[in-house]
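# Tertiary structure, described
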Amino acid sequence: MTLNQLDYALTLWRIGSFSKASERLGITQPALSAQIKKLEEEIGIKLFNRNTTPIEITRDGLRFLERSQQILTDARRLINFSQELSQQYNDVIRVGVIPTLAPFLIPLFSDDLQKDYPEFRLDIHELTTESVVAGVRDGSLDVGLISTPISVAGIVFEPLFYEKFFLYMSFQPETRTHFDLQDISYDELWLLNEGNCFRDQINNFCDLNKIRQHKHFIYRSNSIDALIRIVDTKGGMTILPELSMLSLDEEQEERVIPIGGKPKAREISLIMTKHYDKQRFIDKLGEYIRKNIPRHMLSSQDYEIVDPQINIG
């Protein structure tokens, strides 16, 4: 029995398909099948029922693989511990980041991190919230960066910073110091496409039933940059998270205005599994993000945190 065989069996269990599991593992399907069969013969337990689609795990197989997951996690932690003793960061960390955050956050810290730790390899995946969560759960991602709080079985999160929401307008509000939500003309408000977590957060403090109701031009985008451009081109307004404003030019900055009332913000966190490995890599990632974020964004004091309402079983 080898750790690789345990990893193969666990991957097959999570995915439920020999072809997809072999693709994920980077080996051929016959090689995967042979390794699973060899493992079953050695331990004297049939792990999978191969006559179903997707394949099903047996009762004894479930007990064996639950224990195998713990053993494999402990083995990975031991490897990471040995690397920690040498203070080396010569491994890759696969990070899933939501699209409303990735283009603005990644450039802030990535250069400094790789300058100080050249062997620290970042593999960034820009994905929807649901895909980031799924990737962290099935092990295809080591860690995720999403808006929280989050209630998902097997997932824990570590808050990093807080992004305040602002209103971005096509005109300069010369006489106003803020703009109340009730004063927003919804037929002039541009938002991201349905199903986007950032849009869902806005749903918590706007009546979205009125939005798009009488629009003759509808633009369904998943990009904040695209929203900014459409406001500049077509007029109207949109709601932006704070980091996205770092990309605005001087003229555009003059068209940003605070939202009235208690400041509303989204919480940005690292997410990982409860039994995650590469802990020191994740800690180092969090450290460099915090070091390169504006200081005032590290505290949630005086903010109303908008809940993205992510509940996945």
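Read on for a plain summary of the structure.

## Considering the pattern of salt bridges
Pairs may arise between side chains of opposite charge once their charged atoms sit close together. Under the definition given, this model contains eight salt bridges. Among the ionic pairs, Arg-24 bridges to Asp-138, the shortest N-O distance being 3.8 Å. Of this pair, Arg-24 sits in helix H2 (residues 18-25) while Asp-138 sits in helix H6 (residues 129-138); the two residues are 114 residues apart in sequence, bridging distant segments of the chain. Using a relative accessible area of 22% as the deciding quantity, one classes Asp-138 as partly exposed. For the salt bridge of Arg-94 with Asp-142, the shortest nitrogen-to-oxygen distance reads 2.9 Å. A residue pair is termed long-range when its members are at least 10 positions apart, and Arg-94 in strand E3 (residues 92-97) and Asp-142 in the loop between H6 and strand E5 (143-148) qualify at 48 residues. On the basis of relative accessibility, which here comes to 26%, the residue Arg-94 falls in the partly exposed class. With a relative accessible area of 9%, Asp-142 lands in the buried category.

## Details of the packing of helix H1 (residues 3-15) against helix H3 (residues 29-43)
For any two helices packed against each other, one specifies the inter-axial angle together with the distance between the axes. Two elements in contact, H1 and H3, have axes whose closest approach is 9 Å; the angle formed by their N-to-C orientations is 110°. With respect to H3, the element H1 is oriented roughly perpendicular. Each of Gln-5, Leu-6, Tyr-8, Ala-9 and Leu-12 in H1 lies in contact with H3, whose residues at this interface are Leu-32, Gln-35, Ile-36, Lys-38, Leu-39 and Glu-42. Here the contact of H1 with H3 is composed, by residue class, of seven nonpolar, two polar and two charged.

Parameters and conventions
- Residues numbered from 1 in each chain as written.
- Predicted model: local features only at pLDDT ≥ 70, side-chain atom pairs only at ≥ 80, totals over all residues.
- Heavy atoms only, no water.
- Salt bridge = Lys/Arg side-chain N within 4 Å of Asp/Glu carboxyl O.
- Helix = DSSP H or I, 4+ residues; strand = E, 2+ residues; numbered from the N terminus.
- Buried < 20%, exposed > 50% of the residue type's maximum accessible area, 1.4 Å probe, protein only.
- Axes fitted to C-alpha atoms, helices over the stretch in contact; angles between N-to-C directions.
- Parallel < 35°, antiparallel > 145°, perpendicular 65-115°, else oblique.
- Contact = heavy atoms within 4.5 Å.
- Nonpolar A, V, L, I, M, F, W, Y, C, P; charged D, E, K, R; others polar.

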